[in-house]
Amino acid sequence: MTRSISLPFPPSLLLLLLVLVLSAATRPPFACDPGEKTTKDFPFCRESLPVAERVRDFIGRLTLQEKLKLLGNTAAAVPRLGIKGYEWWSEALHGVSNVGPGTKFGGEFPGATSFPQVITTAASFNASLWEQIGRVASDEARAMYNGGMAGLTYWSPNVNIFRDPRWGRGQETPGEDPVLAGEYAARYVRGLQGNDDGEGERLKVAACCKHYTAYDLDNWSGVDRFHFNAQVSKQDMEDTFDVPFRECVLHGKVASVMCSYNQVNGIPTCANPKLLRHTIRGNWRLNGYIVSDCDSVGVLYDNQHYTSTPEEAAASAIKAGLDLDCGPFLGVHTGEAIKRGILREADVDGALVNTVTIQMRLGMFDGEPSAQRFGNLGPGDVCTPAHKELALEAARQGIVLLKNRKASLPLSPHRHQTVAVIGPNSDVTVTMIGNYAGVACDYTSPVQGIGRYVKTIHQQGCIDVACTSDQLFGAAIEASRQADATVLIMGLDQSIEAEFKDRAGLLLPGRQQELVSKVAMASKGPTVLVLMSGGPIDVSFAKNDRHVAGIIWAGYPGQAGGSAIADVLFGTHSPGGKLPMTWYPQDYLSKLPMTKMDMRSNPSKSYPGRTYRFYNGPVVYPFGHGMSYSKFVHTIAAAPTIVAIPLAGRHRGSHNTTTVSAGRAIRVTHTKCNRLSISLHIDVRNTGSRDGSHTLLVFSTPPGAGHWAPHKQLVAFKKVQVRAGSQERVDVNIHVCKYLSVVDRSGIRRITMGEHSLHIGDIRHSISLQAANLGIIKS
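The structure displayed is predicted, hence computed values, not measured ones.

Please give an account of the overall build of the protein chain that cites residues and values.
The helix and strand tally for the protein chain stands at 22 helices and 28 strands. Overall, the protein chain is about 95 × 75 × 50 Å in size when its C-alpha atoms are taken along their principal axes. A buried classification covers 61% of the 779 residues belonging to the protein chain. When the accessible surface of the protein chain is totalled, it reaches about 28,700 Å², and 51% of it is carbon and sulfur.

Below, the structure is given as structure tokens:
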């Protein structure tokens, strides 16, 4: 016999209440649960106390064994103090990713907004866009944390210099220019961390700039990143490799820096006190923690044989300034190092101060997450319409128009009513988001995007990007004969360039070039080549082929890539992206091994140099190249011609000045120019018939360029929207010491006196830097 139960309200309402309760639930507090009387009264739980005092109290309550279990990314719980276990490793390179074990998708969080790969958004040269992407990614990260699906420490961004075009991870970076990379680092980190409370103490999530330093080789010609010893000069370290990390720490106020696998000048980066303790924490004043790349402490022992015992490896890393190990090595071997007397428990305490301080700043010791700032974020804040629209806009802004023969682009839906869409990347989805990505909200493939404008005839042409067979060529060629226009979507994917995989060459893989040429020759209408890739591709054949009307580089354009490509093809968005890296010809590679780190050319050894700053040989497309459907004209409205550089006191001795071919160069530290900047007022007129965004790039050529100074270097960039037929004034400030200085062979940053030439598009402007009291300096 069943017995009926009388409910105070209908079952349907009960179900609704249950759903509301479950949806409102968040993860249990990491620490300081207000429901646990035994722990909530500890001083480390009192939000009113200074963070440093709370951290000191917490660490003082730990046993040595408890401390050791907090040294790895999978940190153990401390139940007697009410501390839960924590996974430090999460990724948010261009949206929340599930690459690290700290983040999972499923349930109420089936995916997250997947923005274009970093190299693509870097091509926008739009600093406010980078910060906006960071804010969205951290909104979604906090929402997932509140829902128990993610952590709060994200090991992103990757700000290594894209030094060699073969590097498989160049796609993750902002490109080859240190000023561009530094600005990207600072702005993306600010967006992620949300540390806008004036002091920068409270963090939305904790970002991490990686991989410090001179890390830009994964696996090339028998040399892998675990065994590579990067030989780097003081000059290159100061003016190239250090720049983005310095900006990340000093101006981005990043919470973490990750050291890399490789050695630099014979010392593993994760065991180098000069790099970690002296530079990052000392000179740059990192307010945060230093973490190893995953298993790199083990690598310096097992692979590089830098120490004779694992205990010595653990001790050398911690004493060098490493605070957290991605991996188990420190947790396993640090205790024995202390027993042997080669490490002190106080050294471990120092490391924990840095990691626990970040957890405190994240609010992880403040009890119930839902009661905190950002505690209201939940499933409804992930994959929102606004976030998806930003992903689309980021892809549009990052697309670069490389060639537009006889203004064949944009295509017209009226004149080109049927378009043949051909190529191994024509209907891809996951390829568009590149590496270190998560599960996208949804996808629009290129053929889908084009199909929203016109009727399409779709043929792959190649089975995949390897394109080893021509068996599908015939159908592709026939499609191009039938259509009013042809779009070939070719390029690379993670099978060609990726972590652990550097490229063997710069040409299109397999028989892709043959397919492009044959289709272009047969096409009834204009043929447009669209390239997906992270690194540059030698497409000289298409650049010089009159049958190829246009070339577009889309990078890896993210979840909305297909829509963005179509919007550019059909002109609803005028392209404004610029290449953030040089596109070299294939034979460039024969002139320098990937292992040679020197940036500057050496003609006596037939060494051509690297990046646009130091290489002046033939290119396919230069750094900063990018066309538009409009035409923009620059005029300098106002700019100084002479700038006096005040000197700081009397500096005697030949070490204070150096001479280059054009004049004297004075140490930056011997000047009073911390706040000295040059203001330029530039008018940008759109003389075309279409509205468009324009990327304003300002380069400087210093006196003595080509000696040890760069041929030219980027000193400022701005994104400006200009309506057809109208004009906008752009104000640019150039910090003299930061951007008009050069670095000598000893690694000393100096300001060269004399004529500096500024390049803005086709115009040039000379500024003479003159020492205010040069006479007191004696060489």
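Having seen the structure, we can now continue with the description.
Lay out the pattern of salt bridges in plain terms, naming residues and giving numbers.
The full count for this structure, using the stated rule, is 41 salt bridges. In this structure, Arg396 engages Glu389 in a salt bridge whose closest nitrogen and oxygen atoms are separated by 3.5 Å. A salt bridge links Lys596 to Asp598; its shortest N-O distance comes to 3.5 Å. What makes Lys596 partly exposed here is its relative accessible area of 34%. By relative accessible area, Asp598 is classed as partly exposed at 28%. What emerges from the salt-bridge pattern is a single network uniting Arg169, Glu172, Asp218, Arg225 and Glu499.

So, the packing of aromatic side chains: which residues are in play, and what are the values?
Here the distance between the centres and the angle between the planes together describe a pair of aromatic rings. Inspection of every chain in the model, using the stated rule, returns 28 aromatic pairs. For the ring pair Trp167 and Tyr215, a centre distance of 5.6 Å and an interplane angle of 80° mean the geometry is edge-to-face. Here the residue Trp167 occupies a position in the loop between helix 6 (127-146) and helix 7 (178-193), and Tyr215 occupies one in the loop between strand 3 (209-212) and strand 4 (219-220), the gap between them amounting to 48 residues. Trp167 gets classed as buried once you look at its relative accessible area, which sits at 0%. Taken together, Phe30, Phe42, Phe44, Phe58, Tyr86, Trp88, Tyr289 and Phe365 form an aromatic cluster joined through their ring pairs. Lying over the aromatic face of Phe699, Lys712 brings its terminal NZ or CZ to 4.2 Å of the ring centre.

Please give an account of the sheet that holds strand 13 (residues 455-459) that cites residues and values.
One key point about sheets: their strands pair by backbone hydrogen bonds, in either a parallel or an antiparallel sense. Read from one edge to the other, the open sheet built from six strands follows the order 11-16-15-14-12-13, with strand pairing classed as mixed. The outermost strands of the open sheet, each flanked by one partner alone, are strand 11 (400-404) and strand 13. Between one strand and the next, the sheet's axes are offset by a mean angle of 20°, whatever the strand orientation. Direction of pairing for strand 15 (residues 527-532) relative to strand 16 (residues 548-553): parallel, over a ladder of five bridges. Opposite Val528, over in strand 16, you have Gly550 as the bridge partner. The sheet strands contacting helix 18 (residues 512-522) are strand 12 (418-422), strand 14 (485-491), strand 15 and strand 16, and the helix crosses strand 14 at an angle near 175°. Packing of helix 20 (residues 561-569) onto the sheet brings it into contact with strand 14, strand 15 and strand 16, and relative to strand 15 it is tilted by some 145°.

Break down the side chain of Arg169 for me, with residues and values.
Positionally, Arg169 belongs in the loop between helix 6 and helix 7. Reaching out from Arg169, the side chain makes a polar contact with the side chain of Glu172 at a distance of 2.6 Å.

Let's hear about the packing of helix 6 against helix 7: which residues, and what values?
Relative to each other, helix 6 and helix 7 sit at 35°, their axes nearing to 7 Å. As helix 6 runs across helix 7, the sense of the crossing is right-handed. Of the residues in helix 7, those in contact with Ala127, Ser128, Trp130, Glu131, Ile133, Gly134, Arg135, Ala137 and Ser138 of helix 6 are Leu180, Glu183, Tyr184, Arg187, Tyr188, Arg190, Gly191 and Leu192. Counted by class, the contact of helix 6 with helix 7 contains eight nonpolar, four polar and five charged residues.

Describe the state of the cysteines, listing the residues and the values that go with them.
In protein structure, a disulfide is the covalent linkage between the sulfur atoms of two cysteines. This structure, assessed with the given rule, holds seven disulfides. Put simply, Cys209 and Cys248 are joined by a disulfide, and their sulfur atoms are 1.8 Å apart. In this structure the cystine formed by Cys209 and Cys248 twists about its S-S bond by roughly 80°; its chirality is therefore right-handed. One end of the pair, Cys209, is in strand 3; the other, Cys248, is in helix 9 (residues 243-250), with 39 residues separating them in the sequence. In this structure, Cys209 and Cys248 share a single accessibility class: buried. Between the sulfur atoms of Cys462 and its disulfide mate Cys467 the distance is 2.0 Å. Disulfide Cys462-Cys467: the torsion about the S-S bond is -45°, which places it as left-handed. With respect to class, Cys462 is no different from Cys467; both count as buried. Looking at the unpaired Cys208, the closest cysteine sulfur is the one in Cys209, lying at 7.0 Å.

I'd like a rundown of the environment of Leu740, residues and numbers included.
Mapped onto the elements of the fold, Leu740 is located in the loop between helix 22 (736-739) and strand 25 (741-743). When its relative accessible area of 3% is taken as the criterion, Leu740 is described as buried. Residues Leu740 and Ile565 lie 175 residues apart in sequence; the distance between their C-alpha atoms is 37 Å. What Leu740 contacts, discounting residues up to four positions off in sequence, is Ile678, Ser700, Gln713, Val715, Ile734, His735, His756, Leu758 and Leu769.

An account of helix 13 (residues 329-339) is needed here, citing residue identities and associated values.
Turn by turn, an α-helix covers 3.6 residues, leaving residues three or four places apart pointing in a common direction. Of the residues making up helix 13, those classed as buried are Phe329, Leu330, His333, Thr334, Gly335, Ala337 and Ile338. Tucked inside the fold, the buried residues of helix 13 contact helix 4 (64-68), helix 11 (296-302), helix 12 (310-320) and helix 14 (345-361). At the C-terminal side of helix 13, Gly341 shows a positive phi close to 80°.

Just give me the short version of the environment of Ser766, but keep the residues and values in it.
By the element assignment, Ser766 lies in strand 28 (residues 763-771). On the accessibility criterion, Ser766 (39% relative accessible area) is partly exposed. Linking Ser766 and Gly134, residues 632 residues apart in sequence, is a C-alpha distance of 37 Å. Excluding its chain neighbours within four sequence positions, the residues that come into contact with Ser766 are Pro640, Thr641, Glu755 and His756.

Here is what the cut-offs are and how they apply
Residues numbered from 1 in each chain as written. Predicted model: local features only at pLDDT ≥ 70, side-chain atom pairs only at ≥ 80, totals over all residues. Heavy atoms only, no water. Helix = DSSP H or I, 4+ residues; strand = E, 2+ residues; numbered from the N terminus. Buried < 20%, exposed > 50% of the residue type's maximum accessible area, 1.4 Å probe, protein only. Areas by Shrake-Rupley, 256 points an atom, 1.4 Å probe, with all protein chains shown as cover. Salt bridge = Lys/Arg side-chain N within 4 Å of Asp/Glu carboxyl O. Phe/Tyr/Trp six-rings, centres within 6.5 Å; stacked < 30°, edge-to-face > 60°. Lys NZ or Arg CZ within 6 Å of the ring centre and 35° of its normal. Pairing = 2+ DSSP bridges. Axes fitted to C-alpha atoms, helices over the stretch in contact; angles between N-to-C directions. Contact = heavy atoms within 4.5 Å. Polar contact = N/O pair within 3.5 Å; in protein donor to acceptor, adjacent residues only side chain to side chain. Left-handed = near helix turned anticlockwise from the far one by under 90°. Nonpolar A, V, L, I, M, F, W, Y, C, P; charged D, E, K, R; others polar. Disulfide = S-S within 2.5 Å.

The values are spatial; any link to function lies outside them.
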